[in-house]
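Per-entry structural report
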Amino acid sequence: MAAMKKVLASFAMLFLVGCAAHTSPQQTLVDDRYLVYRETYKAYQEAEEDYLNLLFNLEQMPEEEELWIMKRDKMLELVQLRELMLNARTELDNAMQDWERHLTEIQSEMKQVKPKFNPNFTGEAGRRTSPGQLLPGEVPNKKKVNTSDF
């Protein structure tokens, strides 16, 4: 029974490693959404820095009309970028939830996989799929081959 658990555990690990090696559509979507979110966040941070610099300049030169116009434009840009950033974050969160659902589905499928036993064999031999199949631990002793004889 312990050997069976080891076989199932190794099969599950191989399956999950195989899934990790080949990205699923859900994982690709998460990666794409993350890149979009990261870029919009960077753009928002840069616009915010520009806005703060503009506010500093306004404190120094409040009589400059151009600075007031630039402030209004920059504020509109900040509002738009914040909306884009929040939308990108929402899409990223949704994509991550889809990916988590996909992973839980895979895990539940793995739990349902049961090894098929041959009913013609009894006991430990029931794990054999054919009469000549060796089970783990049944590898015959191999004699060392002397390569100098060749």
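Check the entry above for the structure.
Rules and cut-offs
- Residues numbered from 1 in each chain as written.
- Predicted model: local features only at pLDDT ≥ 70, side-chain atom pairs only at ≥ 80, totals over all residues.
- Heavy atoms only, no water.
- Salt bridge = Lys/Arg side-chain N within 4 Å of Asp/Glu carboxyl O.
- Buried < 20%, exposed > 50% of the residue type's maximum accessible area, 1.4 Å probe, protein only.

Let us look at the pattern of salt bridges. Enumeration over the complete set of coordinates arrives at seven salt bridges. Put simply, E39 and R38 hold a salt bridge, and the shortest N to O gap is 3.9 Å. You can call E39 partly exposed: its relative accessible area is 43%. R38 sits in the partly exposed class, given a relative accessible area of 31%. A salt bridge links D73 to R72, with the shortest nitrogen-to-oxygen separation between them at 3.7 Å. Overall, the relative accessible area of 41% leaves D73 in the partly exposed class. Residues joined by salt bridges that share partners form a network here, namely D50, K74 and E77.

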